[in-house]
Amino acid sequence: MADRDTLPLPLEVRARLAELELELSEGDITQKGYEKKRSKLIGAYLPQPPGMEPSMGQERRTPVTPSSSSRYHRRRSSGSRDERYRSDVHTEAVQAALAKHKERKMAVPMPSKRRSLVVQTSMEAYTPPDTSSGSEGEGSGPGNGTPTSSQEGSINMEHWISRAIHGSTTSSTTSSSSTHSGGSGAASRLADVMAHAHLSKSGPIAHLSLKRRAKPGPRVENGSSGGPRRSCEFGAEHGWQRAASDENHSAPPDVTGYTNTTDSILMERPQVSSNTVPNRPVPKYGNAELMETGDGVPVSSRVSAKIQQLVNTLKRPKRPPLREFFVDDFEELLEVQQPDPNLPKPEGAQMISMRGDQLGVVTNWPPSLEAALQRWGTISPKAPCLTTMDTNGKPLYILTYGKLWSRSMKVAYNLLHKLGSKQEPLLRPGDRVALVFPNNDPAAFMVAFYGCLLAEVVPVPIEVPLTRKDAGSQQIGFLLGSCGVTVALTSDACHKGLPKGPTGEIPQFKGWPKLLWFVTESKHLSKPPRDWFPHIKDANNDTAYIEYKTCKDGSVLGVTVMRIALLTHCQALTQSCGYTEAETIVNVLDFKKDVGLWHGILTSVMNMMHVISIPYSLMKVNPLSWIQKVCQYKAKVACVKSRDMHWALVAHRDQRDINLCSLRMLVVADGSNPWSISSCDAFLNVFQSKGLKPEVICPCASSPEALTVAIRRPTDDSNQPPGRGVLSMQGLSHGVIRVDSEEKLSVLTVQDVGTVMPGALMCVVRPEGVPQLCRTDEIGEMCVCSIATGTSYYGLSGMTKNTFEVFPMNSTGAPISEYPFTRTGLLGFVGPGGLAFIAGKMDGLMVVGGRRHNADDIVATALAVEPMKFVYRGRIAVFSISVLHDERIVVVAEQRPDSTEEDSFQWMSRVLQAIDGIHQVGVYCLALVPSNTLPKTPLGGIHLSETKQLFLEGSLHPCNVLMCPHTCVTNLPKPRQKQPEIGPASVMVGNLVSGKRIAQASGRDLGQIEDNDQARKFLFLSEVLQWRAQTTPEHVLYTLLNSRGTIASSLTCVQLHKRAEKIAAMLAERGHLQDGDHVALVYPPGIDLIAAFYGCLYAGCVPITVRPPHPQNIATTLPTVKMIVEVSRSACVMTSQVICKLLRSKEASAAVDVRSWPPVLDTDDLPKKKPPLLYKPSNPDTLAYLDFSVSTTGMLAGVKMSHTATSAFCRSIKLQCELYPSREVAICLDPYCGLGFVLWCLCSVYSGHQSILIPPSELEVNPALWLLAVSQYKVRDTFCSYSVMELCTKGLGLQTESLKSRGLDLSRVRTCVVVAEERPRIALTQSFSKLFKDLGLHPRAVSTSFGCRVNLAICLQPHRLGKLADQGTSGPDPTTVFVDMRALRHDRVRLVERGSPHSLPLMESGKILPGVRIIIANPETKGPLGDSHLGEIWVHSGHNASGYFTVYGDEALQSDHFNSRLSFGDTHSLWARTGYLGFLRRTELTDASGERHDALYVVGALDEAMELRGMRYHPIDIETSVIRTHKSITECAVFTWTNLLVVVVELDGSEQEALDLVPLITNVVLEEHYLIVGVVVVVDIGVIPINSRGEKQRMHLRDGFLADQLDPIYVAYNM
C-alpha cells in the first residue's frame, strides 16, 4: 500500500487517518479493522490499475503482472460464472479469504508428471501459487539491520525455489485475487528489472515437468512498502548458503518441530545494491543446482528443491495442538478433539412445534385421485392434460383427459386380465410393478401410472437402464428385487432402445430380478369389455406408489406412499399454491419423482390443469425453452430448479419479446439448497424488467420421506419482503445460528422456504442421538407430522422406525405429541414468523473434528474461486471418507480440457486456501478428473456415492491430485519422547521383580557333541580335501545341472584335488604370487569356481569370490566388480575365457578404466604339471578367505574369515543338518557370499555329502528346474533364496497339474531352507507351501535361516519333521507369533492373537546353530534386555568373522561390531553386533535332547529402520500395507528424506492409474502406521533396485530419487 504522504489526499481524509492511527495505537481498533478502514478511506485516491473495480480495492492484493495477465483477461463477463452456487457476497468473501491467505504463504510444490502423461500446450510462465514476495514480516535472517538494501536484496526462499523448479524464464508475482489485472505500475517495474538484469532470453516456455532442467531467470522483489522499488537478480549458479553460516551442517533441516524458525532455510541475504549483478561463483556441475543430502551426497536440486519447498510449507505452525486424548486400546494415544469452552453454544429457548394452516375441505374435492381422473375424463374429455415437446421445442403430442382416462383403463384391464392365465393371474391388486420410461415421454408414463392406480397395483417409477452397468443401476435392481417386482411397464420406443441380447431378448441387468417387459402403447393392448370398469374406491391406507431414494452410501430405498397420503398431499399443494381448474403449468422437473411428480402428474389431474412438459434434452439444446413456453401458453405456474434459472440467465440476451407477467408462481424445487438464493436473486434482477413479479418466486423444501415439507406461498402483498438469513459459517459448523453482519467473510445467506404445509406439524430435532427438540437458535433436522408423508421404507422395518416413527421429546424427556413424526433429512431451523429455513441436508453433512460442514457449502466455495475457468459448473463432488478416526473432506471436480497442468494446479491450491479461510476446515484431497468422466445420475448430475466408491477403489483415474494430510490430520498420536535411561542395577532388579528373563539363548554346545567326525582331525579345509582324495577318490562331491536339468559336469574328490593342484601351480608360475596374496575369483556359478577356490588355498593365497559382470548390462555391473577387486586389494584376477574376453571388450572400457586391472589369469588352459609342494598354513587363525557383499543399505562390506572360523562353520552346519557322505543336498543359491558360498563351495568337502548345484540364473529359462531336480534326485534337504522361491511361486502357479503329470514329487523333502539376511517373508513362504502342497510338499518343510555380515549363519533349519510328527503337535506351526505393531514401534514386544487389529505375523528365523550364543542388547546403551523388548541381536560363536576388511582405515568405527561388551550384567564375554533388531521367545517345544527350544525372531535391520515421530518403523511393514491397497501396485519401497516419508511404488497398469494410487497410499499409511506420507513416487515395473538375495536396495533408490534418475510416471508432494 502506498504511503499516504505521497498521495494528494484531502485534509478531512488526512485528519480521519490520523484519528485511525491514534485508535490503533491506543488499542481501540484491531490491526485488521484499521487496515480495512484505512483502505476504504484512501482507496478512492489510490491510482487504480485499469480494469480493477474500486470495490475490490487495495486489500493488500498484489496485482497480476503482465507475464500472466493475458490469462486473466480471457475471463468472460459474469454471465459465465456459476450462478447456482454463487452469490456475489460469496465470491468476494472467497477473494478476500484468498488475499488474507497470501500473508500465510502456502508454497505448494507442483507434482510432476512424465511427459507422455501431459497434453503439451505452450503457456505463459508458471506462477507458483501464493509465494507473493515482499509481504510484511519477511526479513528474519541476519543482515536485516540496514534498511536500505537488505530488504530489497533479500530473496524469498520459496519463491526462489519455485523458480528453480518451474524453470520459468519470466518472473512475476502471484496474485490470489481474481481482480482483472492491469499492470501499468507492475509493467514498468518489470521493465526496470529487465534492464538491470542482463537477460539473455526471456519469454514463454513450453510446458515443463520434472524431466527438464531450465535455468531460473531473475525475479522481481517488491521491497518494503513505500520508497523506490529496487530489485536484485540471482542466477541459478549461487550455491546454497545457510543463514547460520558459522555452523555449516550438511544435514537436511528438521521438519518435525512446530517451531517457526526459518533460520535453517532462509538464504543469507547478501548486501547487493540494485544495479550491480553479483559475481557468480563457477557452477559445480553444469547448471544443475547442487545440494548436499544427509549423507553428504550431492544431488540435483530439481527434486530436492521441491522437497525443500514442501519442508518449508510444513514449517508453518499447525493449529494449536489439543491436549486431551482417548486411548486406542494401547498407550499410543490418538488425540481427540475436545470441545473448546469458548465455542458458540445454543442459548435460545426450546422451540415450539409449528402448526400449518387448517387443511380446508373444499366440497368438490374428489374422494381419490382415480375418481378425479374419472370425473375429468368423462365430463371434459377434450380438455388438454399434458403437452409434450420434441427437441425443437415444437408440441409433439397433446394428451387430453378423455384419452388419459380411456388409455389408463385399457392398461389397468390388461395388467389384471391379460398377464398369466385366468386361474393364475400374474398380477393381483397390491403387487408392485416397475415403470421404466424415458425423460422425454411423460404421456406414456402418465398413462401407465394411472393405469396402475386403477388396477390397484403399486407403480415403482425408476430410471431407464441404458447399459448393463449404469451408475447405481445395480442398487435399483436390489430395490426391485426386494419389492418383489416381476413386471416392468415401458413404452414402445423405450423397449426398442433397451440393450438386447444376441437373440433379441432383453438381458437381465446386473443385480436386477427377472422381469417381464410389458409395453403400454394402446395398439399392443386388448380393449376392455364394455361391462368392465375399474373399481374406484375412496382413498384408503393401501400403498399408492413407491418412490426410490438414493442414500449417501449409494444404496437405494423405496419410500411407500399410501393412497390417503397421496390425496392429502395433492390437497395441501392445491391449497398452498392456490391451484384452480384449467390453469396451465410448465414443468421442467423430472416427472417420475419428487416435486415434478407431485405437481406435474398428480396435483395437476386433481385440478384438471394443463401441464406443458419440457424434457431435459430440450433444455440442453435451448435453455430458454421453458421461459418461451411460459410466454406462449401464458402459463400461471412453472416448476423449475435453480439450474434452469441459471441457464436461462446465460442464454436470455438474444431474446426481445419475453413477457413473464402471466406467471403467478415460480416453484423452485431445490429452493431449500442454500445456494439457490443467488440464482433466484439474479433471475429476478434480469427478468423483473420483463414482467416477473418478485413475489412470484416460491422456493420449496421437500424430501422423498416427507414429500413437500414447506413452500413459500405466492402472496399479492409485494411489500412483505421474503425472509433472509445471513448466518455465520463458524456458528453453523457448531450447529448454532448466529446472524452475522454481511461484511464478515464466512457467511451463508439462506432464503426462507415459506411456512409449514396445511394440516402438518413441524419441529426441529437434534441430528444425532435422541430426537430432542432444538433450541430456537440451533440447527437441527426438520421433522414433520402429517397424513401427507411417506409411511415406510419398503421391507425395512428397522430403518422405517428410525425415520417415519420418531417421537420428538422436550427438555424433560416427554414426547411432544402422541403421533409419530417423519424425519425429512433436511437441516434447518424455523425463523421469525414461522418461516422455515434450510441450511443443508443430512446426506451432505460431514463431521470433521467435531464440527459440521455441508458438502454444498464447500462446493460453492470451490466454484467461487475463478468460477468457470478450470472446472465445469455443477461437476464438482464433495464427500468425506473416514481416515484415522475422523472424516476427511475430498473434493473431486471435472477439469476443462483446455486448462493446463499449472493452471489447474494453481486453481487447486487456491481452492484449498479459500475453503480453509471460509470454513476453517482443511481439504484432505482435491482431485481433478478429465471432463465427462464422473459417474452421472440419469438427469446429468453427479452420482456422489458412485464417485466416492470409485475414489476408494482407486478407479477414478484423476489427472491431477493434491493431498493435504499434513494440514488436515491433527489427531495423530503425540510424538514419542525418549525417556532418560534407567541405571543398570534398576534394570536387573526390575526384570527379576517382574519375572522377565534376560533375553539370551544358545545352540547346542559343540564340546559335548560326540560324533564320528573324521574331518575334525584337520585344522584346514585344504587338508580335508587331500584326505578325501586319498581315502574316497571316486566319491562324487559336486554335480552341476544345466537349464534342461541334465548334468553339465561333476567333480569327484580326486578330480577336485588334481584340478586345484594345477591352479596352484599356475598361480605360482604365471601369477608370481606370494603367500597371503589376495586373488579375485570372477566365475559364473559352477564347478570352476570351486576348483579355483581350493587352488588358492593350495597356493597359500586368499580367495575372494566375485559375481561376474552381466553381459547385457556391463555399464552397471562391471563397476561393482572393479570396486570389489580394488577394495579387496587383489593381486590378480582368475576367471574363465569367456569372462576374460568380456573384461577386455569395448563395452567394458566404456564402463571402467580397463588399464588399471591387476593381471587377469584365464584358468581354462591349465599347465600340465602340479606344484612342487602344497602350501600348509602355519597358524589356523590366519585368513582363509574374504567374503564381500553389498548390504541392503548399499554399503559394500568385506569380512575376514579365518581357517578356524571356516572349519567351525562347516562343522556347525554338518551337525545341524546331519550331513554325511551318503546324503545329497540340492543347492539353488548364488555362490558369492554368506551362507550361499559356504554351502556351494565348502560344506561338501568338509562333510563329504554330494551337492547338486543349480545356478539360480538357469531358473529364468526353466522355472521348474530346481523342483524337478529335487524330485528326480530324491533330495531330502534343499537350500534356496527368496528370489528363487518367488520365481517358482509366480512362474509355476498355474502349472502344478502339469508338473504332477510329469511325476514331480516333493514328499521326500524334509527341509527346504531359505537362506536370507532379513526378516522371514512369511507371506511368500506360506504361499509357496500352499502351492506345492498338492505335489507332496510337507507344510512344515519350509523354514528360513538367518545370517549377517558379522556371522554368516546364526540360525538354520527348523525342528526335525520326523520328531515333530512323533510328538503329535497339532494346530498351526508353533514358530509363528503375532505381535502388536504399535508396541514394536516403541521397541516393545507384545504378543497378540491372530487377526487382532495391528497384529503383525513374524516367523522364527530357524534353529540356532550349535556353538552359537545369542543375547538381545539395547543398541544405544548396550545393556542386556528382557524378553519383552526389541533390541539388537548380539552373537558369540566360533564361526564369527574376525573383522571387516577395508581400505579406508575407519576400523575404529566398526571395531565394536566384532568385539563389543555389555555395559552391565555379563561384561566379560565378547559379542559381535549383527546390526539387526529382534527378540527371543521361549517356546513350549523341546528339541531332541529335551531342552526347551528358544526361538529367535528377526524384525529388521537397524540401518534400515526409520525414526519418525520418535518411533521406530521398519520399511517392510509400511511396504506391505501399501502393496495391499491396489491391485496395480506390484512392488513398493519406502525411505525417509529430511523426516519426510517417501513412498515409491511400481505400477503394473496404465499410466492413467498412477494418480489413483496417491490417496489410497496416503490413507493406508495413516490408518495403519499413524504416519503422513510426504512424497508418493509412481514408477515403472523394475525401477526399485533389488540385490542378488532379492532384497530391496532402498538407499540406492533414495539416491536415484534425489538425483532425479528414476524417470517417474508421477510424483505427488503431499501438503
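Residues numbered from 1 in each chain as written. Predicted model: local features only at pLDDT ≥ 70, side-chain atom pairs only at ≥ 80, totals over all residues. Heavy atoms only, no water.

Visitor: So what's going on with the pattern of salt bridges? Residues and values would help.
Guide: In total, this model carries 41 salt bridges according to the counting rule given. A salt bridge links glutamate 1126 to lysine 1122; the nearest nitrogen and oxygen atoms lie 2.6 Å apart. Remark: lysine 1122 and glutamate 1126 occur in helix H30 (residues 1114–1127); sequence separation between them is four residues, near one turn of the helix. On the basis of relative accessible area, glutamate 1126 is assigned to the partly exposed category, the value being 48%. Given the relative accessible area of 7%, lysine 1122 is considered buried. For lysine 1290, the salt bridge goes to glutamate 1286, with nearest N and O atoms at 3.4 Å. Taken as a pair, lysine 1290 and glutamate 1286 lie in helix H36 (residues 1282–1291) at a separation of four residues, close to a single helical turn. (Salt bridge = Lys/Arg side-chain N within 4 Å of Asp/Glu carboxyl O. Helix = DSSP H or I, 4+ residues; strand = E, 2+ residues; numbered from the N terminus. Buried < 20%, exposed > 50% of the residue type's maximum accessible area, 1.4 Å probe, protein only.)

Visitor: Help me get a handle on the packing of helix H10 (residues 401–417) against helix H11 (residues 442–455), residues and values and all.
Guide: Direction vectors running N to C along H10 and H11 enclose 55 degrees, while the axes themselves pass 7 Å from each other. On the basis of the axis angle, H10 is oblique to H11. For the element pair H10 and H11, the recorded crossing hand is right-handed. Along its contact with H10, which presents Leu404, Trp405, Arg407, Ser408, Met409, Val411, Ala412, Leu415 and Leu416, the element H11 presents Met446, Val447, Tyr450, Gly451, Cys452, Leu454 and Ala455. (Axes fitted to C-alpha atoms, helices over the stretch in contact; angles between N-to-C directions. Parallel < 35°, antiparallel > 145°, perpendicular 65-115°, else oblique. Left-handed = near helix turned anticlockwise from the far one by under 90°. Contact = heavy atoms within 4.5 Å.)

Visitor: Describe empty space enclosed by the protein, listing the residues and the values that go with them.
Guide: In this structure the tally under the stated criterion is 14 cavities of 30 Å³ or more. Taken as a whole, the largest cavity encloses approximately 180 Å³ of empty space. Forming the walls of the largest cavity are 14 residues, and the residues nearest its centre are Leu732, Arg852, His853, Asn854 and Asp857. Taken together, the residues that form the lining of the largest cavity break down as seven nonpolar, five polar and two charged. (1 Å grid on protein atoms, 1.4 Å probe; cavity = no way out; pocket = protein on both sides within 12 Å on 5 of 7 lines; lining within 4 Å. Points joined across faces, edges and corners; volume = space filled by probe spheres on them. Nonpolar A, V, L, I, M, F, W, Y, C, P; charged D, E, K, R; others polar.)

Visitor: Let's hear about a positive patch on the surface: which residues, and what values?
Guide: On the surface, Lys32, Lys36, Lys37, Lys40 and Lys100 cluster together to form a positively charged patch. With four residues, the top contributor of residues to the positive patch is helix H2 (residues 31–43). Under the relative-accessibility criterion, lysine 37 is labelled partly exposed at 42%. (Patch = residues over 30% accessible without salt bridge, like charges linked within 9 Å, V, L, I, M, F, W, Y side chains within 5 Å. Areas by Shrake-Rupley, 256 points an atom, 1.4 Å probe, with all protein chains shown as cover. Lys, Arg positive; Asp, Glu negative; His and termini not counted. Charge placed at Lys NZ, Arg CZ, Asp CG, Glu CD.)

Visitor: Which residues make up the environment of leucine 9, and what are the values?
Guide: Mapping leucine 9 onto the fold places it in the segment before helix H1 (11–25). Since its relative accessible area comes to 8%, leucine 9 is described here as buried. Sequence separation of leucine 9 and isoleucine 42 is 33 residues, and the distance between their C-alpha atoms is 7.7 Å.

Visitor: Which residues make up the sheet that holds strand E59 (residues 1540–1547), and what are the values?
Guide: With mixed pairing, the five strands of this open sheet are ordered in space as E1-E61-E60-E59-E58. One side of each edge strand has no neighbouring strand; the edge strands of this open sheet are strand E1 (112–113) and strand E58 (1529–1537). For strand E60 (residues 1573–1579) and strand E61 (residues 1610–1613), the ladder comprises four bridges, and the chain directions are antiparallel. Note that in E61 the partner of valine 1577 across the bridge is valine 1611. The strands touched by helix H42 (residues 1515–1525) within the sheet are E58 and E59, with E58 carrying the most contacts at an inclination of about 140 degrees. Contacting E1, E58, E59, E60 and E61, helix H43 (residues 1554–1569) runs over the sheet at an angle of about 145 degrees to E60. (Pairing = 2+ DSSP bridges.)

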